[in-house]
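Remarks on the overall topology
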Amino acid sequence: MASTGTTAALIAAISPNDSHCINPSFMRDEEERPKVAHDDFSDQIPVISLAGIDETDGDCRSEVSKKVAAACEEWGIFQVVDHGVDLKVIRDMARLAREFFDLPVEEKLRLDMSGGKKGGFTVSSHLKGEAVENWREIFTFFTYPIQARDYSREAVMKLGAKLLEVLAEAMDLPRDSIAKACVEMDQKVVVNYYPKCPQPNLTLGLKRHTDPGTITLLLQDQVGGLQATKDGGRNWITVQPIEGALVVNLGDHGHYLSNGRFKNADHQAVVNSNCSRLSIATFQNPAPEAIVYPLNIRQGEKAITDEAMSFSDMYRRKMSTDIELARLRRLPAKEKKLQTQEDMEKVANFEVKSNKGIEEVRA
């Protein structure tokens, strides 16, 4: 986690100025740079109406479950409309977030995350060991469990609970199966602000990743910049922003619970040189002690995990792996003995089993 001085320096680096070049610390390697523009929109991501999902009779809920299952099998990502979250609440969230990021630097730094704080403001990332900076400012806070929250997001939490029920039904399980597997849901809100960038083709607002938790609900503005891939990064699409819609990403935990049937959404955020972009991500995660293991292993399948583990252990391993992969990518070409993503992942996964030094941050 950056110190306050480092945070201030990073703000200066991404703030609008007369420079036409980005700071080298934000510059991505060739293979990581954006391949598709922020506004080259695709309609491949399913848009699913949740109207009538609470009806006990009829086929509406069954149809929604089938559509969610198909979207998760192909992408691990879909958009929902008619979701029951008041549009005024959505607009107010976006307005208040914009007002915060428009504050003077000195005001934002009063809420800096430095010094081990669980939430607050920072630039680029809240994780240690990142090899390349992300072109973004972020504000993080926790809303659940109740005793940890500093602001209520009741409507979003309720929507997440409904979606977990639909996902459970899509796995041919009782409605409450995923909720029980989570023990107690955590909810973390991350507000992302992506300033306009003089060289958007050289950097990313947020690097390629999957979310560690169960599901993520994302509100994005109409600028565009969320991108997804379903083939390991060979091809990317930019998700079409839809007014009032929420994007749903399945996380690693949800992927494991489905025994790999449902994909964990592989995504990133790109920036542009014309205007800033805002998104608000609500991460819904299991309790740290929740056990990560498939809930339904279908006939003829094997479990995709060698052993059951706690969510906190899964998260720690994931973060260690991500940081190790980033370190390996930054090695000079002559020192790179591992040429493929698969080889790097094998080494990183081997090393994390004995890695106790990474800072543990609850997802």
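Whatever comes next refers back to the structure up there.
This text gives an overview of the structure that appears in the document.

What counts and what doesn't
- Residues numbered from 1 in each chain as written.
- Predicted model: local features only at pLDDT ≥ 70, side-chain atom pairs only at ≥ 80, totals over all residues.
- Heavy atoms only, no water.
- Helix = DSSP H or I, 4+ residues; strand = E, 2+ residues; numbered from the N terminus.
- Buried < 20%, exposed > 50% of the residue type's maximum accessible area, 1.4 Å probe, protein only.
- Contact = heavy atoms within 4.5 Å.
- Areas by Shrake-Rupley, 256 points an atom, 1.4 Å probe, with all protein chains shown as cover.
- Expected span 1.5 Å × (residues − 1).
- Arc of directions from axis to C-beta.
- Polar contact = N/O pair within 3.5 Å; in protein donor to acceptor, adjacent residues only side chain to side chain.
- Phe/Tyr/Trp six-rings, centres within 6.5 Å; stacked < 30°, edge-to-face > 60°.
- Axes fitted to C-alpha atoms, helices over the stretch in contact; angles between N-to-C directions.
- Parallel < 35°, antiparallel > 145°, perpendicular 65-115°, else oblique.
- Nonpolar A, V, L, I, M, F, W, Y, C, P; charged D, E, K, R; others polar.
- Core = buried A, V, L, I, M, F, W, Y, C linked by side-chain atoms within 4.5 Å.
- Salt bridge = Lys/Arg side-chain N within 4 Å of Asp/Glu carboxyl O.
- Pairing = 2+ DSSP bridges.

1. Remarks on the overall build of the chain
Helix and strand counts for the chain stand at 9 helices and 15 strands. By the burial criterion, 52% of the 363 residues in the chain qualify as buried. The long-range fraction of contacts in the chain, counting pairs at least 24 apart against all pairs at least 6 apart in sequence, stands at 79%. Within the structure as shown, the chain displays about 17000 Å² of accessible surface, and the carbon and sulfur contribution to it stands at 51%.

2. As for helix H3 (residues 87-101)
End to end, H3 covers 21 Å across 15 residues, agreeing with the expected 21 Å (1.5 Å per residue, within 8%). All buried positions along H3 are accounted for by Ile90, Met93, Ala97, Phe100 and Phe101. Buried residues along H3 cover an arc of 95° about the axis, so they all sit on one side. A side-chain oxygen of the first residue of H3 lies 2.8 Å from the backbone nitrogen of lysine 88; this N-cap is aspartate 86.

3. Topic: the side chain of serine 279
Inspection of the secondary structure assignment puts serine 279 in strand E13 (residues 277-285). Those residues in contact with serine 279, other than ones at most four positions away along the chain, are Val190, Val191, Asn192, Tyr194, Leu218, Leu219 and Gln220.

4. Brief notes about the packing of aromatic side chains
Given two aromatic rings, one states the distance between the centres and the angle between the planes to describe the pair. Per the counting criterion, the structure on display carries 7 aromatic pairs. Look at phenylalanine 26 and tryptophan 135: their rings are 5.1 Å apart centre to centre, the planes differ by 70°, and that puts the pair in the edge-to-face class. Linking phenylalanine 26 in the loop between helix H1 (4-14) and strand E1 (41-42) with tryptophan 135 in the loop between strand E4 (120-123) and strand E5 (137-144), this pair joins segments that are 109 residues apart in sequence. The residues phenylalanine 26 and tryptophan 135 share a single accessibility class, namely buried.

5. Some remarks on the environment of lysine 118
Mapped onto the fold, lysine 118 is located in the loop between helix H4 (105-109) and E4. Between the alpha carbons of lysine 118 and phenylalanine 142 there is a distance of 8.4 Å; along the sequence they are 24 residues apart.

6. Regarding the packing of helix H2 (residues 60-74) against helix H5 (residues 154-170)
Two numbers describe how H2 lies on H5: the axes approach to 9 Å, and their chain directions differ by 80°. On the basis of the axis angle, H2 is roughly perpendicular to H5. Contacts from Arg61, Val64, Ser65, Val68, Ala69 and Cys72 in H2 reach Lys162, Glu165, Val166, Leu167, Glu169 and Ala170 in H5. For the contact of H2 with H5, the per-class residue count stands at 7 nonpolar, 1 polar and 4 charged.

7. What to know about H5
End to end, H5 covers 25 Å across 17 residues, agreeing with the expected 24 Å (1.5 Å per residue, within 8%). Among all positions of H5, only Val156, Met157, Leu159, Gly160, Leu163, Leu164, Val166, Leu167, Ala168 and Ala170 are buried. Trailing H5 by a residue or two, aspartate 172 shows a phi angle of about 65°, which is positive.

8. With respect to the nonpolar core
Grouped together as the largest cluster of nonpolar side chains are 61 residues, with contacts concentrated most on Leu167 and Val191. It is H5 that contributes the most residues to this core, 9 residues altogether. Leaving out residues up to four positions away in the same chain, leucine 167 has contacts with Val68, Cys72, Ile178, Ile215, Leu250 and Phe262. By size, the runner-up hydrophobic cluster in this structure holds 14 residues, among which are Ile45, Trp75, Ala228 and Ala265.

9. Focus on the pattern of salt bridges
In this structure the tally under the stated criterion is 21 salt bridges. One salt bridge connects arginine 33 with glutamate 30, and the closest N-O pair in it is separated by 3.2 Å. One network of salt bridges, with partners in common, ties together Arg61, Glu165, Glu169 and Arg175.

10. Quick notes on the sheet that holds strand E7 (residues 206-209)
If you walk across this open sheet you meet the 5 strands as E1-E10-E9-E12-E7, and the pairing is mixed. If you trace the sheet from one side to the other, it starts and ends with E1 and E7, each paired once. Where strand E9 (residues 226-229) lies against strand E10 (residues 237-239), 2 bridges are found, and the strand directions are antiparallel. By the bridge assignment, glutamine 227 is partnered in E10 with threonine 238.

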